[in-house]
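Here is what each chain is made of, one letter per residue.
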Amino acid sequence: MTLHLRSLSKTTIFSLILIMFSLLATNNNARATENVTAILDVPGMTCKFCPITIRKALEKVPGVVEVKSEFKTKTATVTFDPGKTNIETLMKTTANAGYPSTLKK
Ligand SMILES: [Cu+2]
């Protein structure tokens, strides 16, 4: 009985340690891949449907989390995981869709 209890608590401690390590690892991951938002100037938009084409193209890029595209300002606001993609790729993507873009300053 004593032996059984002791082995049980060892298992409990071991799983607690495992949980703590996995929590730490998750936290580190979250910090390393914090999302960033970039605003792209897309001067080639000519009507209210252009931003939809641009948004759909950008949403297909792995690592892109959110896209807001607006005809009025001729911009695409892209939130992405910098560990998975980058601004260069995003600009290439809009260009491939027919809309060359630059990073808004
Ligand atoms: Cu259009």
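Residues numbered from 1 in each chain as written. Predicted model: local features only at pLDDT ≥ 70, side-chain atom pairs only at ≥ 80, totals over all residues.

This paragraph deals with the overall build of the protein. Secondary structure assignment for the protein yields three helices and four strands. Along the protein, helices (α) and strands (β) appear in the sequence α-β-α-β-β-α-β when read from the amino end. Here the protein holds 105 residues, and the buried ones make up 21% of them. Taking all contacts inside the protein whose residues are at least 6 apart in sequence as the whole, residues at least 24 apart take part in 60%. (Helix = DSSP H or I, 4+ residues; strand = E, 2+ residues; numbered from the N terminus. Buried ≥ 20, exposed ≤ 12 C-beta atoms within 10 Å, placed from the backbone. Contact = placed C-beta atoms within 7 Å.)

What follows deals with the sheet that holds strand S4 (residues 102-103). Taken together, the four strands give an open sheet; going across it, the order is S2-S3-S1-S4, and neighbouring strands pair in antiparallel fashion. One side of each edge strand has no neighbouring strand; the edge strands of this open sheet are strand S2 (64-70) and S4. Bridge count for strand S1 (residues 36-41) against strand S3 (residues 75-80) is six bridges, and the pairing is antiparallel. Within S3, the residue paired with Ile39 across the bridge is Thr77. Docked against the sheet, helix H2 (residues 50-59) engages S2 and S3, running at close to 170° with respect to S2. In the packing of helix H3 (residues 87-96) onto the sheet, the strands contacted are S1, S3 and S4, and the crossing angle to S1 comes to about 40°. (Pairing = 2+ DSSP bridges. Axes fitted to C-alpha atoms, helices over the stretch in contact; angles between N-to-C directions.)

Our focus in this paragraph is H2. All of the buried residues along H2 are Pro51, Ile54, Arg55, Ala57 and Leu58. When H2 is viewed along its axis, its buried side chains cluster within an angular range of 165° and face the same direction. Every exposed residue of H2 that faces more than 90 degrees away from the buried side is listed here: Ile52 and Lys56. Residues of H2 that are buried sit in contact with S2, S3 and H3. (Arc of directions from axis to C-beta.)

Attention shifts here to the packing of H2 against H3. Running from amino to carboxyl end, H2 crosses H3 at an angle of 135°, the nearest separation of the two axes being 9 Å. One element, H2, and the other, H3, form an angle in the oblique class. Note that H2 runs across H3; the crossing there is right-handed. Touching Ile54, Ala57 and Leu58 of H2 are Leu90, Thr93 and Thr94, all from H3. In terms of residue class, the contact of H2 with H3 is built from four nonpolar, two polar and no charged. (Parallel < 35°, antiparallel > 145°, perpendicular 65-115°, else oblique. Left-handed = near helix turned anticlockwise from the far one by under 90°. Nonpolar A, V, L, I, M, F, W, Y, C, P; charged D, E, K, R; others polar.)

Core analysis: the biggest nonpolar cluster contains 14 residues, and Leu40, Val42, Ile54, Leu58, Ala76, Val78 and Leu90 have the highest contact counts within it. Listed by contribution, the elements that provide at least two residues to this core are H2, S2, S3 and H3. Each residue touching Ile54, except ones within four places of it in the same chain, is listed here: Val42, Ser69, Ala76, Thr94, Ala97 and Tyr99. (Core = buried A, V, L, I, M, F, W, Y, C linked by C-beta atoms within 7 Å.)

Another aspect to go through is the environment of Pro51. By secondary structure assignment, the location of Pro51 is in helix H2. The class for Pro51 is buried, based on 22 C-beta atoms found within 10 Å. Residues Pro51 and Lys74 lie 23 residues apart in sequence; the distance between their C-alpha atoms is 7.9 Å. Apart from the residues lying within four places of it in its own chain, the contact partners of Pro51 are Met45, Ser69, Glu70 and Phe71.

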